[in-house]
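Listed below are the residues making up each chain.
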Amino acid sequence: MVLNYIWVAFFLIAFIIAAAKLVFMGDYDVFPAMMDSTFSSSKTAFEISLGLTGVLSLWLGVMKVGEKGGVVNVLAKVLSPVFTKLFPDIPKGHPVTGSIFMNIAANMLGLDNAATPLGLKAMEQMQELNTKKDTASNPMIMFLVLNTSGLTLIPVSIMVYRAQMGAAQPTDIFIPILLATFFSTLAGIIITSLFQRINVLNRTILLTLGGACAVVAAIIWGFSQMSPDTMNKVSTTTANILLMTIITGFILAGVRKKVNVYDAFIEGAKDGFTTAVRIIPYLVAILVGIGVFRASGAMDMLIGGMRWCVEVTGANAEWVDAMPTALMKPLSGSGARGMMVDAMTTYGADSFVGRLSCVFQGSTDTTFYILAVYFGSVGVSRTRHAVTCGLLADFAGVIAAIAICYLFFA
């Protein structure tokens, strides 16, 4: 519903601004430019979707091998000691813990198709423990914030889009996204814990979060000591090594489980074609809306206003051009994806703005969509502090993304 309002607003605002330009400025080119943008945007959306087919098939096939090889189960066991401390209201040994762990693990691996059913199952089980059926419980909110903070180890779709848009090194955003989404998730955990008065100073959480922070700090410090060229080479090489290690590890996990890895790969790869076809209408819709909005001059007015506000303070405003992706992400994943593609199309996949828009896309998740789907599935209408915590986690991810991109790509 939110995306519906946004999409309609794109056209209405664009038409009003274009009409004003025609009447008051005598700009006879604005309406032809808007119509041209509808055709060119539609063509771009189809070409992108078509080009995604092969790479999507590859990665969905690899992910299916990892899923059947038990990688998700392993991650669930690794996360278990920490998550039991973050969900103190859930009785020990309750089946919902397994669903929570599996959902988070699947999200970390980018297994959206597996993560959503597991998440809905977890919400149903938490609703059974909920004494106020129309009101979100503390475990529900913590679970939702962990989902909306977007912690992902493998941002497959973003790298696929970068490859399709002609990036020289599609994987160069791997480490920056990993760092940005870490800060988003960390902020979400801390903020929600404060609301719920969860003691995050216990030994397990301190060791886990402290250790993770130390590793991230070491990574940031190490990269800050390098020249921009060296940093780019090391980051890209590390990302490629990690990704190749993950692929090999998934295959070995499948072999160890005596899974027919070839058949499992084919099963997952088949979904790549259907996924690429399925996103065509969504991508066409959002790119046409953005194209019309941009051709009318509305996007320039929005970005120009934000840039002016930043420049008044004397700060560098280069990051402002990527902000449409960050502003759209809490509302709509497909909308933000369209903004990301539009930024790479307009400024270049390897530009600072293009890369930052990709990091914005990967640093958080679609807060309002997740809240609507998960809470709606169990009939919860009173969300308490879920929206506040989710949006604050998103804000932390945006700030972290800007700082990290200046470190890596400025």
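These numbers were taken from a predicted model, which means no experiment stands behind them. Per chain, residues are indexed from 1 in the order of the written sequence. Reporting in this predicted model follows two pLDDT cut-offs: at least 70 for local features of residues, and 80 or more for side-chain atom pairs to be given and counted; totals over whole chains, interfaces and linings ignore these cut-offs and use all residues. Excluded from the side-chain calculation are hydrogens and water; included are all heavy atoms of the structure.

## A look at unusual backbone geometry
Phi is positive for Arg197, which is not a glycine, with a value near 55°. Each helix corresponds to a stretch of at least 4 residues labelled H or I by DSSP, and each strand to a stretch of at least 2 residues labelled E; elements are numbered beginning at the N terminus. One can find Arg197 in the loop between α8 (174-196) and α9 (203-224). Each residue's exposure class comes from its accessible area (1.4 Å probe, protein chains only) as a fraction of the maximum for that residue type: buried when under 20%, exposed when over 50%, partly exposed otherwise. Judged by relative accessible area, which is 79%, Arg197 ranks as exposed. Within the chain, Arg384 stands out as a residue other than glycine whose phi angle is a positive 55°. Note on Arg384: relative accessible area 44%, which makes it partly exposed.

## Some thoughts on the packing of aromatic side chains
For this analysis, a ring pair means two rings from Phe, Tyr or Trp (six-membered ring only for Trp) whose centres lie within 6.5 Å, classed as stacked if their planes differ by under 30 degrees, edge-to-face if by over 60, and tilted for the remaining angles. Applying the stated criterion across every chain yields a total of seven aromatic pairs. Considering the side-chain rings of Trp7 and Phe11, the 4.9 Å spacing of their centres and the 70° angle between planes classify their relative orientation as edge-to-face. Residue Trp7 and its partner Phe11 are both found in helix α1 (residues 2-25); the two are separated by four residues, about one turn of the helix. Judged by its relative accessible area of 33%, Trp7 is partly exposed. The class of Phe11 is partly exposed, set by a relative accessible area of 29%. Centroid distance Phe182 to Phe183: 5.5 Å. Interplanar angle 70°. Geometry classified as edge-to-face. You can call Phe183 partly exposed: its relative accessible area is 28%.

## Some words on a nonpolar patch on the surface
Excluding any residue in a salt bridge, patches collect residues exceeding 30% relative accessible area, merging like charges within 9 Å and nonpolar Val, Leu, Ile, Met, Phe, Trp and Tyr side chains within 5 Å. Only the protein chains shown count as cover for residues, and the accessible areas themselves come from Shrake-Rupley with a 1.4 Å probe. Salt bridges are identified by distance alone: a Lys or Arg side-chain nitrogen within 4 Å of an Asp or Glu carboxyl oxygen. A cluster of nonpolar residues, Leu22, Val23, Phe24, Met25 and Tyr28, forms a patch on the protein surface that exposes about 660 Å² of accessible area. As for its placement among the helices and strands, Met25 is situated in helix α1.

## Brief notes about the state of the cysteines
Here, a disulfide means two cysteine sulfur atoms that sit within 2.5 Å of each other. All told, the structure shown has zero disulfides when counted by the stated rule. With no disulfide of its own, Cys389 has Cys213 as its nearest cysteine by sulfur position, at a separation of 18 Å.

## Concerning the environment of Met340
Secondary-structure assignment places Met340 in helix α15 (residues 333-347). Along the primary structure Met340 and Lys270 are separated by 70 residues, whereas in three dimensions their C-alpha atoms are 26 Å apart. By the convention used here, residues are in contact when the closest approach between their heavy atoms is within 4.5 Å. Not counting residues up to four positions away in its chain, the partners in contact with Met340 are Ile158, Tyr161, Thr325, Ser357, Cys358 and Gln361.

## Remarks on α9
For α9, built from 22 residues, the straight-helix expectation of 32 Å at 1.5 Å per residue is met to within 8% by its first-to-last C-alpha distance of 31 Å. Among the residues of α9, Ile205, Leu209, Val216 and Phe223 are the ones counted as buried. For α9, the arc enclosing every buried residue in end-on projection is 55°, short of the 170-degree limit, so these residues lie on one face. Within α9, the exposed residues directed more than 90 degrees away from the buried face are Arg203, Leu207 and Trp221. Two or three places before Thr204, at the start of α9, stands the capping residue Asn202, its side-chain oxygen 3.2 Å from that residue's backbone nitrogen. Given the number of residues in a helix, its expected span is that number minus one, multiplied by 1.5 Å. What the arc describes is the spread of directions from the helix axis to the C-beta atoms. N or O atoms closer than or at 3.5 Å make up a polar contact, with two conditions inside protein: a donor-capable atom paired with an acceptor-capable one, and, for residues adjacent in sequence, both atoms drawn from side chains.

## Here's the deal with the nonpolar core
Where a protein is soluble and globular, its nonpolar side chains tend to be buried together. Core analysis: the biggest nonpolar cluster contains 102 residues, and Ile100 and Phe143 have the highest contact counts within it. The contact partners of Ile100, leaving out residues within four places of it in the chain, are Phe83, Phe87, Ile90, Ala122, Met126 and Phe143. Core analysis: the second largest hydrophobic core is formed by six residues, Ala14, Ala18, Met34 and Val288 among them. Only buried residues count toward a nonpolar core, which is a set of Ala, Val, Leu, Ile, Met, Phe, Trp, Tyr and Cys residues joined through side-chain atoms within 4.5 Å.

## Notes on the pattern of salt bridges
Inspection of every chain in the model, using the stated rule, returns five salt bridges. With a closest N to O distance of 2.9 Å, Asp172 and Arg355 form a salt bridge. Placement of the pair is Asp172 in the loop between α7 (156-164) and α8 and Arg355 in helix α16 (residues 352-363), with a sequence separation of 183 residues. You'll find Asp172 and Arg355 in the same group, each marked buried. Residues joined in a network through salt bridges with shared partners are Arg162, Asp172, Asp350 and Arg355.

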